[in-house]
Amino acid sequence: MVASVMVPTDNKSRGAATTVPLAALVRRPEMGNSFGVYVVTGENGKRIAHFRAVDVGPMEKDSVTILGGLTPGMEVVTRGNADLRNGDSVVNTTEGAQQ
């Protein structure tokens, strides 16, 4: 599975709120229709995607405020997430992105 990831950081204009691109947000019917994102962790030298339910706040143009469930610095998948499942291996395809 190939996906893009980004590292959300605190948005100073919103205080301590964490924002992510709207494209990172997914809804999984098999998980109670909860909204979430796929976070990326390193396991045995691989980058693995894990679904994480989040509390969604206000949405603007291309981003959404996450009220709970993420902390700044977590990597989230922003492309290719519609077909991801827990435990899928991902690679960072974003040029110049942090790894």
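The structure contained in this document is the topic of the report that follows. Only a predicted model underlies this, so the values are computations on that prediction, with no experimental measurement involved.

Rules behind the numbers
- Residues numbered from 1 in each chain as written.
- Predicted model: local features only at pLDDT ≥ 70, side-chain atom pairs only at ≥ 80, totals over all residues.
- Heavy atoms only, no water.
- Helix = DSSP H or I, 4+ residues; strand = E, 2+ residues; numbered from the N terminus.
- Buried < 20%, exposed > 50% of the residue type's maximum accessible area, 1.4 Å probe, protein only.
- Areas by Shrake-Rupley, 256 points an atom, 1.4 Å probe, with all protein chains shown as cover.
- Core = buried A, V, L, I, M, F, W, Y, C linked by side-chain atoms within 4.5 Å.
- Contact = heavy atoms within 4.5 Å.

**A short note on the overall build of the protein**
Within the protein, the secondary structure is distributed over zero helices and eight strands. Here the protein holds 99 residues, and 36% of them are scored as buried. With an accessible surface of roughly 5,600 Å², the protein has 50% of that area assigned to carbon and sulfur atoms.

**Overview of the nonpolar core**
Most often, soluble globular proteins have nonpolar side chains that are buried together. By size, the foremost hydrophobic cluster in this structure holds ten residues: V20, A24, L25, V37, V39, V54, V64, I66, L70 and V76. If you list the elements that add at least two residues to this core, you get β4 (34–43) and β7 (63–68). Once residues within four sequence positions are removed from consideration, L25 is found in contact with F35, G36, V37, V54, V56, M59, V64 and N81. With eight residues, the next largest nonpolar core counts V40, F51, V77 and V90 among its residues.

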